[in-house]
Structure formats: C-alpha cells, structure tokens
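# Notes for the structure review
What follows is the residue order along each chain.
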Amino acid sequence: MENLVEIRGLRITFAGAVDVVQGLDLDIPAGKTLCLVGESGCGKSVTAKSILQVIDHPGRVSGGSINLRQTDGSVLDIAKTKPTSPLMRQVRGGDIAMIHQEPMSFLSPLYTIGNQISEALMLHRKISEKDARAEGIKMLEEVGMPDPARRYDSYTFQLSGGQRQRAMIAMALINKPRLLIADEPTTALDVTTQANILDLLGELQRETGMGVLFITHDLGVVAEIADEVAVMYLGKIVERAPVRELLENPKHPYTKGLLASMPRLDGDFKAPLKAIPGMVPPPALRPAGCSFHPRCEWARKDMCGHVAVLETDLGANHMVACHAYGPQAHKFSRVSKVVDVGAPVAVAKKAVGKPLLSVRNLHKHFAIRAGFFQRQVGAVRAVNDISLDVFPGETLGLVGESGCGKSTLGQTLVGLHRADSGEVQFADIDVRAAKGAEAKQLRTDIRMVFQDPTGSLNPRMRVRDIIGEVLQVNGNHSAAEIEEKVQGLLARVGLSPDYAERYPHAFSGGQRQRIAIARALASDPKLVIADEAVSALDVSVQTQIINMMKELQAELGLTYVFVSHDLGVIANISDRVAVMYAGRIVELGETDQIFRNPRHPYTEALLAAIPGRGARKTGARIRLTGHVPDAAKPLAGCAFADRCRYVTDACRVNVPELRGEGNHLDACLRSEELKLRSVSQTEALVSA
Amino acid sequence: MGSFILRRIIYVIPALIAVSLISFLVIAVPPGDFVDRLAEEAAKKGDIMPLAEIEAMRRAYGLDQPLLVQYWSWITGVVLRGDFGYSFGWNLPVKEVIWPRLGLTVVLSLASLLFVWVVAIPIGIYSAVRRYSVGDYIFTFLGFLGLAVPNFLLALALMYVAFAWFGQDVGGLFSPEYIEAPWGWGKFTDLMAHLWLPMVVLGTSGTASVIRVIRANLIDELHKPYVTAARAKGKGEFALLMKYPVRHAMNPFVSGQNDIFVDIVSGGTIVAIVMGLQTTGPLLIKALMEQDMYMAASFILMLSVLVVVGTLLSDLLLAWLDPRIRYQQG
Amino acid sequence: MTTFDETSGMVSPAQEKRRGQGFEGHWALVWRKFLRHRLGVLGGIIVLLAYVVAAIPDFLAPVTLEAYNPAYAYAPPQQVHLGVSTEDGWQFRPHVNAYKTVVDYNSGRRIFTADPESIIDIGFFVVGEPYKLFGFIPAARHLFGPVEVGQPFYIFGADRLGRDILSRTIYGARISMTIGLLGVAASLVLGILIGGVSGLFGGVVDNVIQRLIEFVQSVPAIPLWIGLAAAIPRDIPPLQVYFFITIILSVLGWTSLARVVRGRFLAMRNEDFVKAARLDGCGPVRIIFRHMLPSFLSHIIATVSLAIPGMILAETALSYLGIGLRTPIVSWGVLLQEAQNVRTIASAPWLLLPGVAVVIAVLALNFLGDGLRDAADPYAD
Ligand SMILES: Nc1ncnc2c1ncn2[C@@H]1O[C@H](COP(=O)(O)OP(=O)(O)OP(=O)(O)O)[C@@H](O)[C@H]1O
Ligand code: SF4
Ligand code: SF4
Ligand SMILES: [Mg+2]
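Residues numbered from 1 in each chain as written. Chains lettered and ligands numbered in written order. Predicted model: local features only at pLDDT ≥ 70, side-chain atom pairs only at ≥ 80, totals over all residues. Heavy atoms only, no water.

### Let's talk about the overall build of chain C
For chain C, the helix and strand inventory stands at 13 helices and four strands. Relative to the compact-globule value of 21 Å for 381 residues, chain C shows a C-alpha radius of gyration of 27 Å, a clear excess of over 25%. For the C-alpha atoms alone, the extent of chain C along its principal axes is close to 85 × 65 × 40 Å. Sequence separation of at least 24 residues holds for 65% of the intrachain contacts in chain C that already meet a minimum separation of 6. Of the roughly 17,200 Å² of accessible surface on chain C, a fraction of 65% belongs to carbon and sulfur atoms. With 30 positive and 28 negative side-chain charges, chain C shows a separation of 8 Å between the mean positions of the two kinds. (Helix = DSSP H or I, 4+ residues; strand = E, 2+ residues; numbered from the N terminus. Rg over C-alpha atoms; globule rule 2.2 N^0.38 Å. Contact = heavy atoms within 4.5 Å. Areas by Shrake-Rupley, 256 points an atom, 1.4 Å probe, with all protein chains shown as cover. Lys, Arg positive; Asp, Glu negative; His and termini not counted. Charge placed at Lys NZ, Arg CZ, Asp CG, Glu CD.)

This is the structure in structure tokens:
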C-alpha cells in the first residue's frame, strides 16, 4: 500500500520553546480514511496544520520531515519547504485541502461563498470567472447543497450550520485534492446534521479515491467513517491499527481508557462508565518517560516514569507505543481494574408515587421586538405547551437538537424565565405564585448547574464565597457554619478543602464544574437541573463528572433534570427521557423504552443518526433533511411533518397530543401503526 | 438595501431638527442679546441709550418675541427660503457671509480627511503586519504624540518654524492679493499652496487615531481562522492580506471615520482662528462675542449639518461594505 | 518532576506557581498585568508626579503667582550651570547667570544676554516669598530657587510682565490637571446614571438613550463648547467660571462613558455567574454591587483615565481662545494665551513651554489609560 504522506520525527514548537508535538511519526495512506483521535490539547490540530504549513504564529515546525509523494512519483519534504514559496502554495488547496470545525469562522462573512469557492479554483487553474462559477455551482450540487445556483451567491450568515459545512467541503474539494484534512468537521453540528455530513464525506471519499485525514475526539464518529485509526496523546501516536482491530482489540491503556469512558448504546447502556483519571497536562509539563504514566493504571514507576517508549509492531498493521508490549512486557500484568463498584449500578427507578415536580401546559414565548418603539412583532415559541412530571430520586433526561427549547424549559423551571402560562407545582408549592418564605424554599430546593464552568463562576470571588453565597443570602448561617459546609462540599466533589481560598481562574474546566456542582448542592436541594453540564468537557473529564453526579445522587437522594444534546450521555445517566422538538415534548418514557422501542419518528431519526454506537444500518438509512421549523411561525398540525418520512395529510391538520398507555407517551398520530427502528442490543461499535 | 438607505435617511431628519434647535437655543437662551451688547458699548463710550430706543431696536430685530417664535421664524426662513436671518454685526444677511466660508470649510475638512486616509492606512497596515518592529515602535510613538498635541499648539509650532526658519508667514488660506479676488485659476493654485499646512495640522490627530484603530483591528484579524483557511487554499501572502484581514479591518475603520470627521470639523474652528483661515472659525468666535445671534446660530447649525451628513455617508458606506448590515437590516 | 494529583486532576505544583497559586484576587491580577505594561507604568508615574505638583505648587515653584518684574519682560530662559571652575578645579555650585540688557532701538525691545560674571546661586529648600501650603499652612520654603530672594531666576524664561514661566506652569498644573479630573467625575456620574438606566431597563428607554447618545456624539464639540463658553457671563468670579467650564466639558463628555457602562451592563446581565447569583437569591442591589460592578470597575477606571486627556485638551483650547478660564486663574491654556501670534512666538518661543506641559500630561495619561485598559481584563491571555 502506498502512503501519500509520511511524517517522521515531527516536532512543532510554540513560544517559550514548548514542544507541542515531539517526534511524531505518521503515515497517511492514499485512498483511505485515517482517523486521528485524542483528547483536547493533544496536538491533533497543529499536526494537521503543519502538513499545510499554516500553523499560527508563534508556532512552527522545528524538526522532522513531512514527505508528500507527488503525482510524478517524486517526494517533496514539506517541512523543508518555505511556507511562502510558490511550491508550497501549489500544494495548499491543490494537492492537500482542509476543512475545519467552525465554518462560520473559517469562511469570511464579507464575501459570498461562491466567491470563496471560485477563488480556490482560480488559484490553481487558469479559468475564466464564468467557468469558475459554473464549476462552483456544480461542486455545490455534488456536496448536496439545496438550490446551489442561488446559494452560490449567499453569504455565510444566510446559511444553516450544515449548509455552511457543505460550502466549506465544496471549497476544499473543488481542486480534486489527493488528500483532504478534516479537523473535527462535525463537532459543532447537531447529531442529525452530523450524520448527513459524515455520509457525504464517506461518499465523496469513495467516489474520488482521495485520502482523508479525519480528526475527531469522538470514537463513535471513528467507527462510522474510519478505515484506520491513530490515537494521539501529548504530541505522539500511541496506537495505530485498522478500525475494527482498534475498536475491538485496543492495546494501549489510553485507547482502552477512551473506549471505556465513552457512553455506549449497545449492550447495557446504563453500565457505569470508567473514567481515565486526571486530564491532559499542558505540553510544557509533559511528563518524562511515557507521557501517559501519571494517568495510567498499568504504569510501573521504575520504568514508565523514566524510560522513553518505543513503538512495538504487533503485526497486522497494529502498532502500539507502550512498555507493556515492549521488550519488558513480562514485567507488566496488564490487568485493568474493573469498574469501580463504588459507582452505583443504576437500577431504573420506577416513576411511581407523588411527583416532586409537576408541570402542566407550560408556555414560554420570547417576544420578537422591532423598530424604535420596540413593538412586539412576533414570538418565538421556545416552550410550547409542555406537561411532565419528575419523580423523587430519578433522573429525567431532556434531549433534542439545538434550538428545540430544552435549555429554556430548564431555565424556566428554576425561575430564570417567567413562564407565560401553565402550572408548575413543586412538592406542595405553586411555583409560579410563590412569594416570601415559599420562594426562598424553592430557591434552596431547586438548583441549577450551567454548561460553561468558566462563565458561571464569578472570577472576582473566592471559591468559598461562590459556594457559600446561597447560604449567606438565604437564612442565617454563621460564618463558621458556612465554612464547615463549604469544606464538606469540596471534599464531596473531590476537591481539596484548602481550595476554598482560591479564585476560579486557578482551576481546570473539570474542576470548575465540580465547584459549580458544589455550589448547587450547598443549600441541600432536592432537585438539580443540569443544563448541558458536561458538554463543554473532554471525554475523560466528562465521564468523571457523570460518575460523580451519580454517586452524589445515590448518597443524597437527589433528583436530576439533565439537559443534553448528547444521546449517549442521556442514555447513561437518565431513568426516563423526554425528547423535545420545536418547543414540544414529542416522546416521553423510560430510557429503555425510548432507545429500544421508540414510538415517534423523530426519536427514530435521532437514534439513527448516532454515529457508530449501535445504530443498526440495515436497509435504507434514516436521515433527516431540511430544518427545524422557524419557531417564530405558527404551525398547523405536527411540527415534524415537513421532515417526517411517515407524514400523511392528516398530520398537517391535526396537532398530535402527547398521550399513550402507562408511562410511555408520544405525540405522533400514527405511532400505533408504525414499526420504528431502534438501536440494537448487540455490540455495534464497529459494525460500520 | 433600498429600504435600509431610506430608513437611514429618515433617521437624519429628527437629528437635523434637534441640531437646529440646539444651535439656536445655545445662542439665544443665555441672558443678554445683541442690543444689550450695543447698549453696553455705547455706555462705555459715554452715551446712554434711552430705554425706549433699546426696546424699539429689540422689536425691529424681533428679539422681543418668545424664543420658540424666534426659532420658528428663523428655521422656516432657513429651510424654505435659504434665508439664515440678518447679521447684526455685519449688517448683512447671514447667508452672504456664511456660504463662501462654509465652502472653504468643506474643502479644508475633506482635504484633511483625505490626508488622514492617505497617510494613516498604509502606516496602520505596515504597523500591524510588522508588529514590534522598529518602524512600528516609531509610528506608535508618533501616534501617541499626535493625539497628545493640541492642534492649535501644533499650528503655532509649525507657523513658528515656517516663520523663524524660512521667514514665511504661512497664515491664512490665500496670499493677501487673492483674498478679495474673484475665483480663478490663480486663486485656486494659491489656495492649494496654502491649504497643506492647515490640512496637516487638522489631520494629525485623526491620522494618529486611525493608525491605532487599523493597527489594533488588523492585528486581531491577522490570525482569524478564515485567514488560515484562505492560506490553506494556496493564496499568496500579499493578496491574502489585502483580500481578508485588511478588508475586514476596514469596517471598524469606516465606522470610526465619523468621529474623525467630527473632530476635523470641530478642531477646524480653533485652528482657523489661530492660523487666520478664511473658514468659519474666526467668524463664529466673533459672532459669539458680539452675540450676533443669527450669525452664530447659523454657523453652528451648518457645521452640525455637515457632520450629520458625514455620519449618514459613513453609515451608507459601511452598509455598502458589509453585507451583514446590508442583509440583516435592509 | 511533574506529577498528577489524580483525584483532583490538578496538574502539578509547578503549574500552580505559574497561576499565582490561585490565591490572588482580581485586583492583584490587574495590578500584575498592569506592571507588565511598561509604558503604562511610566505614564502612571508621570501622572502621579503631575498630581503631586498640582497639590503643592507653592512649594515647588521658585516664586509665587504674584511675582513680576517688568524689567525682565520677555527675558529668555537662563541656562542652569551645575558648577564653576576655579583655580582649585571644578566645584559643584548650581547657579544661573544674571542678564545683561541692551535696548535695540530699531524694534524697541530689550535684548537679554547672559552675564557670565554675575552668578546667581541656586539653593534647595530656600526661604523665598511666603505662601500658604494647601491654602492654610503658612510657609516660605521653596524646593529650589535663588539663594537670595528677588534675584532674576527664569529658567523657562519670562513673559510680557516679567513673570517666571516655570513657576506659572507649575501653578497651572493645579487647574489643568484637576479640571480634567472634575470634568470626568461629572461625566462619570452622568454616564453611570444614564448608561445604567439604559442597560437596566432596556427596551424603549434604552433605545431613546442610545439615539440621544448617537446624536450628542455627532454634534461637533468645539463649536458647541465655544457657544456655551461664550455664554458664561464675563463678570462672575473665577471659581464659578471654573465650574461652568467643567460642566460644559462634561455636557458632551458623558456619552462615551455611558456607552461603556451600558454595554458592560447588558453583557454582564447575561453572564452565567450573574444568573447563578440570581438563583442564589441575591437581590438586585447585591447583584449590582457584589457581582456586576466589581467586574467592570476596572474597565471604567481605564475609560476614565482615557477620558481625562480629552478634557485637558478642551480646557486648554477654550482658555487659549479667551473664552475659557481667564486670569487670575492660571491654567496651561491661560498661560498659552500669551502666545497669541506668530511674531510674539518668534521673538519669545519659550512662551510655548506650558504647551509642552500639556503634551507631557496628555501623553502620560494616554499611556496610563492604555496600560489600564490592557490590564482591566486580566483573565484574557
Ligand atoms: N497559537 C498557539 N499558541 C500557543 N499554544 C498553542 C497554540 N495553538 C495551539 N496551542 C497549544 O497546542 C496544544 C495542542 O493544540 P491543538 O489545538 O492541536 O489540540 P487538539 O488536540 O486539536 O485539541 P481540540 O480537540 O480541543 O481541538 C494545546 O496545548 C494548545 O494550547
Ligand atoms: S508505557 Fe507504562 S505508563 Fe505508558 S501506557 Fe504503557 S504501561 Fe502505561
Ligand atoms: S404526526 Fe405524522 S408527521 Fe408527525 S411525526 Fe407522526 S407521522 Fe410524522
Ligand atoms: Mg483541535
């Protein structure tokens, strides 16, 4: 097999002589998709950028070689080519093209996408503007852009997220590159859009036979798209193998750790996850020896902490860099601990008894105002006629694509928004009418954890004051009492009690989220609403936090409403799940029911879009086209009608009510007659 | 786009009304008027004006009417007939004095603006691209200096240099022989020969701030992802610089032009006085001192109108440059 | 050696050191970041000195404001000599030379030259004309001056009445430096009030205030200032003139501050930590003073220090035109009035020296403001 690019001993240095990448070897094969996986800060993006010599100042390639095989068989060492030379410019966009995570910021808003696409073409080919336009439109059509001739003259801000990513792909592929570098191209997208883009990239790869270097942190995406996988940790490849081999038979403790910490939908998706301890250190603090050793459960201090690791070839294209497979392999037992039994195995709690929180016909509309006098010209129906119950001690997952109103619902429940109409009953309190002592009780009983752990902690306050504020404001607690409480809470969320003196900027993202959780727990609440509380975190940290939240729930008897767009996380943590679409709940039931036996076509489509994690791909795929309806426009009939594959005329007239027997409810007129598909119970991560 | 322009133009109308009202009230509200001033002067010379005569004079000039009535008759005159009222100090209709002066003010202001652009844009780009180079430090320091020197002081200093070292008296916009002369080629070239000094003086602080604005914005833009994306397409560095970062940095620059223009027009008043330019400044001061109210109000009004129109133009330019404004508000 | 604290995920002692142990509060971080801005620190020191000068000009100036001597009208600056050379060699003896005068009958002006024969010794902490420190402590010592009271001592030259420009420039700092401060204080009150209302209420109120701000910002300031200043009655006491001018300056000066306040207010209102404080049950007062205000106080301080120079420049310009402050008040603008035309300047260029004071003060304030602005957000790297 021929390699398109061979990287040897690559070293990338940033200011202060910090090596972000140190001695990286990587072969990128022609005509295949190679996935580069690793946590944030491992140097995936800079490695990709180095291949095009476009690393941002002050970074630079300071050693090693990047050999690109040219079409005529000769070899060009990119690392030795001047970044501004004509030769390098020919390679960029011509031989190798790149797409990125955030098309909104990687495309200029001041030029039409057509301008930027044809620019790429005209930089590499002598072609008239008219012909460039024609080719550009053709390319847009190939990447599945609806109405390409008109979109060609659109600006980025006039397109949806998925369309923008398609425009960027068109721009990259217009010169028919031999290698496409895709840096997390679907991370910022909704799961249904992600599925479409992954399909597209797969198809284009097969059609054109180009090589693809696909960077991601999501092993589900890997299972979906990769031919081969390279796992990267702190600037080095630690394991490399064909996709099936790597996912089914991981060797390196880091790869094993990543797989174990990933919520899965095959098998028992509620099985406790095993987190990799700690986090990726900054490159300046790269540990000596095997840089993974502080987090590795196999590590032998006498060796791993001092002796640099060499690659071991395990045959069948499987390579691993770990002492446990090297010449000293006999010294390692290679036994991984089974998942901490401390983490309680979630027994699905039955939704019985008297609900803790009960919501009936809740509406929250945001006024759209315009003009000088700010007249109301319309309303966004963010939360539209929602009814649900939350039972004591359970976790209710709230899931849906961005903009479906899940955060608004959560925020309305804690009281950050004023509901327009409807009833909310908490224990014996009418939430919407609560005043005085009742309001105070609600404040202390219902608490919230925000998504962004950086923005939600006041940088001007010490950790103690952040956590203790709710006690200071509500009721009379002495300073000593508060201090004691804070110390206790810190210990409980796994932080050292002397951190109380510090300011938030001294902590990592995961630690800040722990502080935020401690704050939520300070008032001994009954209900905690977590709005995307783990979405901003890296996989291993995410798992640490999920496990901790489960433990706290078991210890303190907490009730959670857990808002997330990540179906894997939702499946793992929730007892019951509510699926939201366009401001309404379209399906509500126990986690098993939702994932194994969905009744609403939207739930079916969501599940089908989950990359690699056991979404069965028999028969035609289920893919959603089009958009979530404009929440500002009133709708007749089912909101999902425009995208539903089972739509009938009746759907456009009658509004489906949320109904059903027992505790599995759905809002589809045809749910009885339809036989919908679900995720399989069998091992499916590698069925791609 | 069309409706955006229309809306923007309609927004100008209340601004103009407010400006005219303020111009008038600033002059008319404070105690004392032109007649008082005459009486005072007469008293200084020793002859007391009889009260009846004072009252009669007030009536004749319409100064006995309520303020709003005075304002109304003045502004309707301005709008409907182009009649700015009568200058007590000059004994002439205001419009005869004001137009030539305004014309020169416009010429000088535009010339200064042009100077700012020609000098500041290339320097700003250079400073950003060659950040922390010797040249950048020099320009940055000069920029600070340009902002710190009051422009009348700069005018004085330059005039002093010209006078002491070159023996030239560089005041004014014309040589003496052309001041009263009708317009012609000779007068025009003479104007051009005199224009550069006030132009430089007026443009200095604007240049300094534009350099800073462009430098700061461009430095931000230089490392934006879309620049990396375009570089990854294989675009050459210079073409890249011009098409993306510079073009993006133009937007804050254009929206800042308005303030620069306000400063030029505004600062022009003082510089004109110091340098004895035949623009509005010196007459405005004179009119204010004499409480020559229609004259003063008209000057302030027209200067403000100039600025309001400048704002309008820069907003339209911005909309033309930035599709986000064009499509999202239009 | 770098290690991981596995339970906490904390990285290592080394990293904690780099992050200042995490025990430093906001202001400590701001201060540290400010100290890294060398020009800002330099500016800060100069500004500090300028305000010291403004506080005790009587002590710092060799002579008081009243001192004049027509015999030395337009006397040029004297050169300061650090010592004399005698037979015994060089000797430290700071002094200036007295003047020799000749009358030039063509121009009718006196021409001054230094007289190397006659030495006027400079002393430190010399007894000179009596004054009242801070307006009430009687004193007669001056930081420096001629050892013998009354000898001509004009190291910045003299003006039309033979007054010492150095002393007058030092006194000028008192007015020029404070008028900026007062003007900004007045603007700040207006700005915080109006901007706060705008940001707090939003909606129509905000819209009206925003249009008002846009409008005020588009009015050419100087003509309007001139108009307003000309309306100040001529015969009122100087102190009142001073206050009127302050008010006039802040009439147009509040807008940028109001904008900053409003912008920060709006942005802050949607910050998660403010929402979290609301959920904690903090009332509006506690939210504003404990959570919001501390977060943008540093930004306001930076904006303020950038607004002062504008006020100083405006005062200077108005006074120069003769419609701002007037004698007997002494500000740098008032001193520059002496330099009314090119011919005067050509024969006595030292009349422009108070202008140099303006430039230095404004430069220093701009440097300081720049440094503060950079430091205002110490979390961004
Ligand atoms: N311009 C820069 N200056 C200094 N350090 C940088 C710069 N760009 C990246 N780094 C550092 O290099 C390391 C690797 O960054 P990189 O973006 O490649 O990580 P990544 O694996 O792609 O992470 P993510 O999954 O978050 O995209 C990080 O520690 C990052 O902080
Ligand atoms: S080399 Fe040692 S520390 Fe590194 S991964 Fe292998 S066992 Fe773990
Ligand atoms: S009601 Fe009709 S359109 Fe809506 S989900 Fe069911 S089948 Fe589809
Ligand atoms: Mg990355």
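### Points about the overall build of chain B
A count of helices and strands for chain B gives 14 helices and two strands. Seen through its C-alpha atoms, chain B measures out along the principal axes to roughly 85 × 55 × 35 Å. Within chain B, counting contacts between residues at least 6 apart in sequence, those at least 24 apart form 73% of the total. Summing over all exposed atoms, chain B offers an accessible surface of approximately 14,900 Å²; the carbon and sulfur share of this is 68%.

### Re the site of ligand 2
The environment of ligand 2 is made up of H252, P253, C290, F292, H293, C296, W298, A299, C304, C322, H323 and F332 of chain A. Grouping the amino acids of the shell around ligand 2 by side-chain chemistry returns nine nonpolar, three polar and no charged. (Near = heavy atom within 4 Å. Nonpolar A, V, L, I, M, F, W, Y, C, P; charged D, E, K, R; others polar.)

### Regarding unusual backbone geometry
Residue and element names in this part refer to chain A. One non-glycine residue, K176, adopts positive backbone phi at about 50°. Mapped onto the elements of the fold, K176 is located in the loop between α7 (161–173) and β7 (179–183). Residues other than glycine seldom take positive phi values, yet D524 does so here, at roughly 50°. Secondary-structure assignment places D524 in the loop between α17 (509–521) and β19 (527–531).

### Structural notes on helix α7 (residues 151–166) of chain B
Over its 16 residues, α7 of chain B extends 21 Å from the first C-alpha to the last, a length consistent with the 22 Å expected when each residue adds 1.5 Å. Turning to α7 of chain B, its buried residues number three or more, namely N151, F152, L153, L154, A155, L156, M159 and A162 of chain B. Looking at the buried positions of α7 of chain B, the neighbouring elements they touch are α9 (185–222) and α11 (237–275) of chain B together with α10 (284–321), α11 (332–336), α12 (342–347) and α13 (353–375) of chain C. (Expected span 1.5 Å × (residues − 1). Buried < 20%, exposed > 50% of the residue type's maximum accessible area, 1.4 Å probe, protein only.)

### Some remarks on the sheet that holds strand β3 (residues 33–37) of chain A
Residue and element names in this part refer to chain A. Read across the open sheet, the eight strands follow the order β6-β7-β8-β3-β9-β10-β12-β11; overall the sheet is mixed. Where the open sheet ends on each side, the last strands, each with one partner, are β6 (96–99) and β11 (312–313). In the packing of helix α1 (residues 44–52) onto the sheet, contacts are made with β3, β6, β7, β8 (211–216) and β9 (228–233), and the angle to β6 comes to roughly 145°. (Pairing = 2+ DSSP bridges. Axes fitted to C-alpha atoms, helices over the stretch in contact; angles between N-to-C directions.)

### Focus: the interface of chain B and chain A
Listed per partner, the contact involves 25 residues of chain B and 29 residues of chain A. Between chain B and chain A, a total of about 2,400 Å² is buried, with carbon and sulfur atoms accounting for 63% of that surface. Linking chain B to chain A there are three salt bridges. As a salt-bridge pair, E119 of chain A and K235 of chain B come within 2.7 Å of each other at their nearest N and O atoms. Taken together, the links from chain B to chain A amount to twelve residue pairs in polar contact (both at pLDDT 80 or more). Elements supplying a minimum of two residues to the side of chain B that touches chain A: α10 (225–232), α11 and α14 (323–329) of chain B. Classifying every residue of the side of chain B that touches chain A gives nine nonpolar, seven polar and nine charged. (Buried area = accessible area lost by both parts, 1.4 Å probe. Salt bridge = Lys/Arg side-chain N within 4 Å of Asp/Glu carboxyl O. Polar contact = N/O pair within 3.5 Å; in protein donor to acceptor, adjacent residues only side chain to side chain.)

### Points about the site of ligand 3
In the neighbourhood of ligand 3, the contacting residues comprise H600, P601, C638, F640, A641, C644, Y646, V647, C651, C668, L669 and R670 of chain A. Classifying every residue of the shell around ligand 3 gives ten nonpolar, one polar and one charged.

### Let's talk about the nonpolar core
By size, the foremost hydrophobic cluster in this structure holds 200 residues, and its most contacted members are W74, F152, V274 and M275 of chain B together with W225 and L325 of chain C. Excluding residues that lie within four positions of it along the chain, M275 of chain B makes contacts with A155, M159, G171, G172, L197, P198 and V201 of chain B. Judged by nonpolar contacts, the second largest core, of 75 residues, contains Y499, A506, Y581 and L624 of chain A. (Core = buried A, V, L, I, M, F, W, Y, C linked by side-chain atoms within 4.5 Å.)

### Points about the confidence of the model for chain C
Residues and elements named next belong to chain C. Residues with a pLDDT of 70 or more make up 93% of chain C, whose mean pLDDT is 80. Element-level mean pLDDT values for chain C span from 44 in helix α1 (residues 13–18) up to 90 in helix α3 (residues 38–55). Residue range residues 1–20 is modelled with pLDDT below 50. Its contacts to residues more than four positions away, or to other chains, number 52 contacts. Scoring of the predicted complex yields 0.82 for pTM and 0.79 for ipTM. (pLDDT = per-residue confidence, 0-100.)

### Topic: a negative patch on the surface
Residue and element names in this part refer to chain A. The grouping of E141, E142, E203 and E207 at the surface amounts to a negative patch. Mapped by element, the contributors of at least two residues to the negative patch are α5 (129–142) and α8 (191–208). Within the fold, E142 resides in helix α5. (Patch = residues over 30% accessible without salt bridge, like charges linked within 9 Å, V, L, I, M, F, W, Y side chains within 5 Å.)

### Topic: the pairing of strand β2 (residues 18–29) of chain A
Residue and element names in this part refer to chain A. Relative to β2, strand β1 (residues 3–14) runs antiparallel, the two being bridged by nine bridges. Pairing of I12 across the sheet is with V21, part of β2. Hairpin connection between β1 and β2: a loop of three residues separates the two successive antiparallel strands, and G16 in this loop has a positive phi of roughly 75°.

### Section: the pattern of salt bridges
Counted according to the given criterion, the structure contains 46 salt bridges over all chains. For D389 of chain A, the salt bridge is made with R360 of chain A, and the minimal N-O distance between the two is 3.1 Å. Here R360 of chain A lies in strand β13 (residues 357–370) and D389 of chain A lies in strand β14 (residues 375–390), a separation of 29 residues in the sequence. Among the residues examined, D389 of chain A registers a relative accessible area of 19% and is labelled buried. Look at R360 of chain A and you get partly exposed, because its relative accessible area is 32%. Here D206 of chain C and R262 of chain C are joined by a salt bridge, their closest N and O atoms 2.6 Å apart. Taken together, the positions of D206 of chain C in helix α6 (residues 203–218) and R262 of chain C in helix α8 (residues 238–269) put the pair 56 residues apart, joining distant regions of the chain.

### Notes on helix α13 (residues 406–414) of chain A
Residues and elements named next belong to chain A. Here α13 lies mainly inside the structure; eight of its nine residues are buried. Among the residues of α13, K406, T408, L409, G410, Q411, T412, L413 and V414 are the ones counted as buried. Following α13 by one or two positions, G415 adopts a phi angle in the positive range, close to 100°.

### Re the side chain of S319 of chain C
Residue and element names in this part refer to chain C. Tracing the backbone shows S319 in helix α10. The buried category is assigned to S319, whose relative accessible area is 1%. Not counting residues within four places of it along the chain, the set of residues in contact with S319 comprises G324, L325, S331, G333, V334 and Q337.

### Examining the environment of R259 of chain C
Residues and elements named next belong to chain C. Position of R259 among the secondary structure elements: in helix α8. For R259, a relative accessible area of 32% corresponds to the partly exposed category. Between the alpha carbons of R259 and I213 there is a distance of 8.0 Å; along the sequence they are 46 residues apart. Ignoring sequence-local partners within four residues, the contact set of R259 consists of Q210, I213, E214 and Q217.

### Some details on the packing of aromatic side chains
All names here are of chain A. Evaluated as defined, the whole model comprises 26 aromatic pairs over all chains. Residues W298 and Y325 carry aromatic rings whose centres are separated by 6.2 Å and whose planes lie at 50° to one another, so their mutual orientation is tilted. Of this pair, W298 sits in the loop between α11 (253–261) and α12 (301–304) while Y325 is found in the loop between β12 (319–320) and β13, placing the two residues 27 residues apart along the sequence. For W298, a relative accessible area of 8% gives the class buried. (Phe/Tyr/Trp six-rings, centres within 6.5 Å; stacked < 30°, edge-to-face > 60°.)

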